[in-house]
Amino acid sequence: MSFNDLLAAGGVGGSGRFGATAFALLSLASVIIGGLAVSRPGTGHRRTLLALATGAVGLVLSALHLATTTGGFGTGQGRAGAIVGVVLGVVGVGLGGLALARARRTA
């Protein structure tokens, strides 16, 4: 699939709002997992690494979707959902990093 095909399809992850919503939900999952990892620092590295990984994937996919959509807001291309996904991805990565720093300090 070429870059022009992605532009014509309305972004990465499907056409329009679906892909952006899926990526935003992935980023939201990283925020929830990261919040749990921060609130319970002694539970291990699994939640921390999962929050970092899902946050990074959600962030990259949302940013790619945002970069490849051509329409503005209100066109059904999912630009607003991609922006929400980028913001939630940054928060999820931040929470995962905070939990990782706390786990290293206590271990």
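Read on for a plain summary of the structure. Predicted, not measured: the structure shown is a model, and the values here were computed from it. (Residues numbered from 1 in each chain as written. Predicted model: local features only at pLDDT ≥ 70, side-chain atom pairs only at ≥ 80, totals over all residues. Heavy atoms only, no water.)

## Some remarks on the overall build of the protein chain
Okay, step 1: For the protein chain, the helix and strand inventory stands at 4 helices and 0 strands.
Okay, step 2: N-terminal to C-terminal, the α/β element order of the protein chain is α-α-α-α.
Okay, step 3: Across the 107 residues of the protein chain, 34% fall into the buried class.
Okay, step 4: Pairs at least 24 apart in sequence give 69% of the contacts found in the protein chain among residues at least 6 apart.
Okay, step 5: A total of about 5,800 Å² of accessible surface is found on the protein chain, and carbon and sulfur atoms cover 69% of it. (Helix = DSSP H or I, 4+ residues; strand = E, 2+ residues; numbered from the N terminus. Buried < 20%, exposed > 50% of the residue type's maximum accessible area, 1.4 Å probe, protein only. Contact = heavy atoms within 4.5 Å. Areas by Shrake-Rupley, 256 points an atom, 1.4 Å probe, with all protein chains shown as cover.)

## What about the environment of A22?
Okay, step 1: Relative to the elements of secondary structure, A22 occurs in helix α2 (residues 17-39).
Okay, step 2: Residue classification places A22 among the partly exposed residues on the basis of a relative accessible area of 32%.
Okay, step 3: Residues A22 and L61 lie 39 residues apart in sequence; the distance between their C-alpha atoms is 9.7 Å.

## Some details on α2
Okay, step 1: Here α2 is 23 residues long and its end C-alpha atoms lie 33 Å apart, about the 33 Å a rise of 1.5 Å per residue gives.
Okay, step 2: All of the buried residues in α2 are G19, A20, F23, A24, S27, S30, V31, I33, G34, A37 and V38. (Expected span 1.5 Å × (residues − 1).)

## Some details on helix α3 (residues 46-68)
Okay, step 1: Here α3 is 23 residues long and its end C-alpha atoms lie 33 Å apart, about the 33 Å a rise of 1.5 Å per residue gives.
Okay, step 2: All of the buried residues in α3 are T48, A51, T54, G55, G58, S62, H65 and T68.

Worth remembering: the numbers are spatial, not functional.
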